[in-house]
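# Tertiary structure, described
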Amino acid sequence: MYLLFGILILICIVFSLIFHIRKKRIIRKICEMQLEQKVCLLNQIMEPFGFCYSPSQDIITSRTDAWQKKFGYCALYDKTAVHFSMVFDCEPIYFNYNNRTWMFEFWKGQYGVSAGGEIGLYCADRVLSPWEYDKTLFHGIDDKELMPVTMTAYYKGSPLFTACQPHWWLTGFCPGRFCWPGDLALRVSITFKSENMMYCFLTSLVQSGYIKCGISVCDMTVSFMFAKPFSKQPCCKTCFSARWAQFKNRLFCKLYMWVTRPFRCTLDKILYLYYFLPFAFRHMLCMKKHRKQKFRKPRRKERRRHGI
């Protein structure tokens, strides 16, 4: 009996030693890599997820060729988001232009272990009646229709990041940061290609509840602050479900910061998580879930190439 107990203790010590050596090796190799090399590597890793790293803002953002574009948008996504640890405020703006119904939606809140926001530009194949909005699958706008979009996120009045790019789905996420949606605000700017389209959007924006003095128009660019949503929020976002999801999000944020405590930069933290705890890395990037999304684990050759 004592012999078996001693063997068990010995095995635990051996595994702890191996675990510690591997951890130190990963930390050393990440520290030895050049910044350009780390950015390139992380972007290759995140490409299957539809995301990339922005070194200037130290955030995760979406790619213009993200796979999520194939699945479009419908209201069901917002209604079920809380079940995937996403608690946010959403503001869809519908308007008709060029024989189609367009839907520009804005999100801000907590996405698992990341806080951030999104701007999505979608359209339908035809003009819809208002009762069809919640039942229709909208498509991401075509590449030739992409518009310059700027999003500046604020946390309790302090700027977090600024993302700016011609896009159909502009996002910005800060891993390891926890917040409630009400503590976030987005400064949104959209540059339109058509004056008629801009006025159609402005009309719908004012009808949604935004006051004219809070909207800025410069040439073809419309800017406004998205703080408190005027649209009706998803009914499944009840107090209990949102608080339970936020309880888990806060816990996982603390775990993320504790596990990646050897580093301060998001770039280094995510690379460390990718090699040290691949399953945690996968969970962190599943901010928009779909069953066809695939995760490529670090291969043995890849570990060997980086000396891990």
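Look up: the structure comes first, before these words.
### Here we look at the environment of Leu121
By secondary structure assignment, the location of Leu121 is in strand β5 (residues 114-123). Here Leu121 falls in the buried class, since its relative accessible area comes to 0%. For the pair Leu121 and Glu105, spaced 16 residues apart in sequence, the C-alpha to C-alpha distance is 6.7 Å. In contact with Leu121, not counting residues within four places along its chain, are Met103, Phe104, His139, Gly140, Ile141, Met147, Val149, His167, Trp168 and Ile190.

### Some thoughts on the side chain of Arg100
Positionally, Arg100 belongs in strand β4 (residues 100-111). Judged by relative accessible area, Arg100 falls into the buried class, the value being 17%. At 2.7 Å, the side chain of Arg100 and the side chain of Glu145 are in polar contact. Sequence-distant contacts of Arg100, that is, excluding residues within four places in its chain, are made with Phe95, Cys123, Ala124, Asp125, Arg126, Val127 and Glu145.

### Re the sheet that holds strand β7 (residues 147-155)
With antiparallel pairing, the five strands of this open sheet are ordered in space as β8-β7-β10-β12-β11. Because the sheet does not close on itself, it has two edges, and the strands there are β8 (158-167) and β11 (215-218). The sheet shows a mean angle of 15° between the axes of neighbouring strands, direction not considered. Direction of pairing for β7 relative to β8: antiparallel, over a ladder of nine bridges. Residue pairing in the sheet places Met147 in a bridge with His167 of β8. Packed onto the sheet, helix α4 (residues 195-208) meets β7, β10 (184-191), β11 and β12 (221-226) and runs at close to 20° relative to β12.

### So, the packing of aromatic side chains
The tally for this structure, following the rule as stated, stands at 30 aromatic pairs. Taking 5.9 Å as the distance between ring centres and 85° as the angle between the ring planes, the aromatic pair formed by Phe49 and Phe281 counts as edge-to-face. Linking Phe49 in the loop between α2 (35-46) and β1 (51-54) with Phe281 in helix α7 (residues 278-285), this pair joins segments that are 232 residues apart in sequence. Since its relative accessible area comes to 1%, Phe49 is described here as buried. The interplanar angle of 80° and the centroid separation of 6.0 Å between the aromatic rings of Phe51 and Phe173 together place this pair among those described as edge-to-face. Here Phe51 is found in strand β1, whereas its partner Phe173 is found in strand β9 (residues 169-175), with 122 residues between them in sequence.

Basis of the calculations
- Residues numbered from 1 in each chain as written.
- Predicted model: local features only at pLDDT ≥ 70, side-chain atom pairs only at ≥ 80, totals over all residues.
- Heavy atoms only, no water.
- Helix = DSSP H or I, 4+ residues; strand = E, 2+ residues; numbered from the N terminus.
- Buried < 20%, exposed > 50% of the residue type's maximum accessible area, 1.4 Å probe, protein only.
- Contact = heavy atoms within 4.5 Å.
- Polar contact = N/O pair within 3.5 Å; in protein donor to acceptor, adjacent residues only side chain to side chain.
- Pairing = 2+ DSSP bridges.
- Axes fitted to C-alpha atoms, helices over the stretch in contact; angles between N-to-C directions.
- Phe/Tyr/Trp six-rings, centres within 6.5 Å; stacked < 30°, edge-to-face > 60°.

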